[in-house]
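The primary structure of each chain is shown beneath.
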Amino acid sequence: MLVDKLQVIEDKFMDLEQRISDPEIIARQDEWRKLTRQHSQLSETVETFRTYKKVLAGLDEAMEVIEDKSLDEEFREMAQEELKELKPQKEELEEKLQILLLPKDPNDDKNIIIEIRGGAGGDEAALFAGDLFRMYTKYAESQGWRCEIIDANEPELGGFKEVVFSVEGENVYSKMKFESGVHRVQRVPTTETQGRVHTSTVTVAVLPEMEDVDIEVNEKDLKIDTYRASGAGGQH
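Quick caveat, the model's predicted, so the values are computed rather than measured.

Chemist: In this structure, what is going on with the overall build of the chain? I would like to understand it.
Modeler: A tally of helices and strands in the chain yields six helices and five strands. Each helix (α) and strand (β) of the chain, taken in turn from the N terminus, gives the series α-α-α-α-β-α-β-β-α-β-β. Taking 2.2 N^0.38 as the reference for a compact globule, 236 residues should give roughly 18 Å; the C-alpha atoms of the chain span a radius of gyration of 29 Å, well beyond that estimate. Based on the C-alpha atoms only, the size of the chain along its principal axes is roughly 115 × 65 × 30 Å.

Structure follows, in structure tokens:
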């Protein structure tokens, strides 16, 4: 049942809330960061569930008033109007909660690396790549994310033949992962002198940032070859 599932999530959320306030856990920063991340991931679901419970309580109260024949007719009509307002809210919240309960991509909360590369269209494709770069960075700014260019190839006419940049923030990959693929634009470019419409393409790759992994190399696994010249001239 939907409410039972959500109640379990709310109980877990409240438990996490207590644990991240515990000074002993705060002192263990790695564990504390892990718990605060879990707490943040559940916050939207729990807030929506709490609103849903208020709507359910409002519906029950309105139904009680409507069914109570001893009450004033005008009062019961007001309850009827409230019922009409709350029913659509209940359906909307149920739909949202069903979506929030869907399994999430484990990479959703990771930072990302974006590569934008000009395809067909020459200089116009590079200009289009520049437009996409500005669009993504403006969107990132509106979300409170931080962008940093890693590598860029800028032609003389502007834009980018290729640009690679990182985006850091909350739930970045979940909101940007569907941007991967080929993007196409049809327009009269600034490089066109006769007013003809050009088609240009740009490829976008969105990659989740991988976590640091400690690798231990055993010297027994290494193979070392040494080469020496045997010719004359002092090389031997």
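Chemist: I would appreciate a short explanation of the packing of aromatic side chains in the present structure.
Modeler: Geometrically, a pair of aromatic rings is defined through the distance of the ring centres and the angle of the planes. The tally for this structure, following the rule as stated, stands at three aromatic pairs. Ring geometry for Phe133 and Phe160: centres 5.1 Å apart, planes at 70°, overall edge-to-face. A residue pair is termed long-range when its members are at least 10 positions apart, and Phe133 in helix H5 (residues 123-143) and Phe160 in the loop between strand E2 (146-153) and strand E3 (162-168) qualify at 27 residues. The residues Phe133 and Phe160 share a single accessibility class, namely buried. The structure contains a cluster of three or more aromatic residues connected by ring pairs, namely Phe133, Phe160 and Phe165.

Chemist: Which parts of the structure should I look at to understand a negative patch on the surface?
Modeler: Among the surface-exposed residues, Asp60, Glu61, Glu64, Glu67, Asp68, Glu82 and Glu85 lie close enough to one another that they form a single negatively charged patch. The element best represented in the negative patch is helix H3 (residues 29-67), accounting for four residues. Inspection of the secondary structure assignment puts Glu67 in helix H3.

Chemist: How should I be thinking about the pairing of E3 in this particular structure?
Modeler: Looking along a regular strand, one sees the side chains alternate between the two faces of the sheet. A large share of E3 lies buried, amounting to six of its seven residues. Relative to E3, strand E1 (residues 112-118) runs antiparallel, the two sharing six bridges. The residue of E3 that forms the bridge with Arg117 is Glu162. In terms of strand pairing, E2 meets E3 through seven bridges, oriented antiparallel. In the sheet register, Asn153 faces E3, and the bridge partner there is Glu162.

Chemist: How do you make sense of the sheet that holds strand E4 (residues 181-187) when you look at a structure like this?
Modeler: Sheet strands associate in pairs through backbone hydrogen bonding, adopting either a parallel or an antiparallel arrangement. Ordered in space as E2-E3-E1-E5-E4, the five strands form an open sheet in which the pairing is antiparallel. Every interior strand has two partners, whereas the edge strands, E2 and E4, have only one. Taking the axes of each pair of neighbouring strands and ignoring which way they run, one obtains an average angle of 20° across the sheet. For E1 and strand E5 (residues 198-208), the ladder comprises seven bridges, and the chain directions are antiparallel. Residue pairing in the sheet places Arg117 in a bridge with Thr203 of E5.

Chemist: Honestly, the layout of surface pockets in this entry has me stumped. Any pointers?
Modeler: Empty space among the atoms becomes apparent when a probe as large as a water molecule is rolled across them. Estimates place the volume of the largest pocket at around 750 Å³. Along the wall of the largest pocket there are 27 residues; nearest its centre are Gln41, Lys104, Asp108, Asn171 and Ser174. Per element, the largest residue contribution to the lining of the largest pocket is eight residues, and it comes from H3. Here the residues of the lining of the largest pocket are counted per class, giving nine nonpolar, eight polar and 10 charged.

Chemist: Please explain unusual backbone geometry as it appears in this structure.
Modeler: Where the residue is not glycine, phi is negative for most of them; where a peptide bond is considered, it is trans in most cases. Of note, the phi angle at Asn171 is positive, near 55°, even though the residue is not glycine. Looking at where Asn171 falls in the secondary structure, it is placed in the loop between E3 and helix H6 (172-176).

The rules behind these values
Residues numbered from 1 in each chain as written. Predicted model: local features only at pLDDT ≥ 70, side-chain atom pairs only at ≥ 80, totals over all residues. Heavy atoms only, no water. Helix = DSSP H or I, 4+ residues; strand = E, 2+ residues; numbered from the N terminus. Rg over C-alpha atoms; globule rule 2.2 N^0.38 Å. Phe/Tyr/Trp six-rings, centres within 6.5 Å; stacked < 30°, edge-to-face > 60°. Buried < 20%, exposed > 50% of the residue type's maximum accessible area, 1.4 Å probe, protein only. Patch = residues over 30% accessible without salt bridge, like charges linked within 9 Å, V, L, I, M, F, W, Y side chains within 5 Å. Areas by Shrake-Rupley, 256 points an atom, 1.4 Å probe, with all protein chains shown as cover. Salt bridge = Lys/Arg side-chain N within 4 Å of Asp/Glu carboxyl O. Lys, Arg positive; Asp, Glu negative; His and termini not counted. Charge placed at Lys NZ, Arg CZ, Asp CG, Glu CD. Pairing = 2+ DSSP bridges. Axes fitted to C-alpha atoms, helices over the stretch in contact; angles between N-to-C directions. 1 Å grid on protein atoms, 1.4 Å probe; cavity = no way out; pocket = protein on both sides within 12 Å on 5 of 7 lines; lining within 4 Å. Points joined across faces, edges and corners; volume = space filled by probe spheres on them. Nonpolar A, V, L, I, M, F, W, Y, C, P; charged D, E, K, R; others polar.

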